[in-house]
Amino acid sequence: MTRKRQASRKFDGMGYRQLQRLNSERRQKLPPGDRALLRKNGYKNVGWGQVIRLYFKINELLANPEDKDSLEELFLQADRIGNKYQSPEEIKAFQSQLAQETHEIADLVDQQFPVSSEVEYIDFSQSRPKSAKSARRSPDKRYRQK
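Residues numbered from 1 in each chain as written. Predicted model: local features only at pLDDT ≥ 70, side-chain atom pairs only at ≥ 80, totals over all residues. Heavy atoms only, no water.

Trainee: Explain the overall build of the protein to me, using residue names and the numbers behind them.
Mentor: Of regular secondary structure, the protein possesses six helices and zero strands. Walking the protein from its N terminus toward its C terminus, one meets helices and strands in the order α-α-α-α-α-α. Looking at the protein as a whole, 14% of its 146 residues qualify as buried. In the protein, the share of contacts with a sequence separation of at least 24, taken over all contacts with a separation of at least 6, comes to 58%. If you sum the accessible surface of the protein, you get close to 14300 Å²; carbon and sulfur atoms cover 52% of it. (Helix = DSSP H or I, 4+ residues; strand = E, 2+ residues; numbered from the N terminus. Buried < 20%, exposed > 50% of the residue type's maximum accessible area, 1.4 Å probe, protein only. Contact = heavy atoms within 4.5 Å. Areas by Shrake-Rupley, 256 points an atom, 1.4 Å probe, with all protein chains shown as cover.)

Okay, here's the thing in structure tokens:
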């Protein structure tokens, strides 16, 4: 008796291999950090259920591109934007006020953590004497079988 051929599974009109190929292509569009995150969390492109899970996760990552600018970069960008709309006098006043506050903070830090003027020297020139036990061992130690 011959078996009936099972109807092939489809997901969004795609078969297993098509979905795998699509996942591979779209994964390459992700930044390396997101690819490492997928790998770390166990998203694989093998197995019908895992391929579908990976498809949804890639959709989520591509739909929500996170702004990965550091805080410093954001401040610099805001400073550049703000400088466009300020006059040179306002910029100069802000810079002098910022410098004054920075010096006050530095003074407070110096009060909390005083700098010691002592210089400490460590002499590594003298070596430790070898122990008698390590001197007796030979690298050609022979092992006896019992």
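From this point, things continue past the structure.
Trainee: Please provide a residue-by-residue account of a nonpolar patch on the surface, values included.
Mentor: A contiguous nonpolar surface patch, about 330 Å² in accessible area, is contributed by Leu71, Leu74 and Phe75. Mapped onto the elements of the fold, Leu74 is located in helix α4 (residues 71-84). (Patch = residues over 30% accessible without salt bridge, like charges linked within 9 Å, V, L, I, M, F, W, Y side chains within 5 Å. Salt bridge = Lys/Arg side-chain N within 4 Å of Asp/Glu carboxyl O.)

Trainee: Explain the nonpolar core to me, using residue names and the numbers behind them.
Mentor: Counting seven residues, the largest nonpolar core is built from Phe11, Met14, Leu19, Trp48, Val51, Ile52 and Tyr55. Counting residues in each nonpolar core, the second largest holds six residues, with Leu30, Tyr43, Leu54 and Ile58 among its members. (Core = buried A, V, L, I, M, F, W, Y, C linked by side-chain atoms within 4.5 Å.)

Trainee: A description of the pattern of salt bridges should follow, citing residues and the corresponding values.
Mentor: When the charged atoms of two side chains lie near each other, side chains of opposite charge can form a pair. According to the stated counting rule, one finds one salt bridge in the structure shown. Residue Glu60 pairs with Lys57 through a salt bridge whose shortest N-O separation is 3.4 Å. Within this pair, Glu60 and its partner Lys57 are both found in helix α3 (residues 48-63), separated by three residues, close to a single helical turn. On the basis of relative accessibility, which here comes to 42%, the residue Glu60 falls in the partly exposed class. Assessed through its relative accessible area of 17%, Lys57 is described here as buried.

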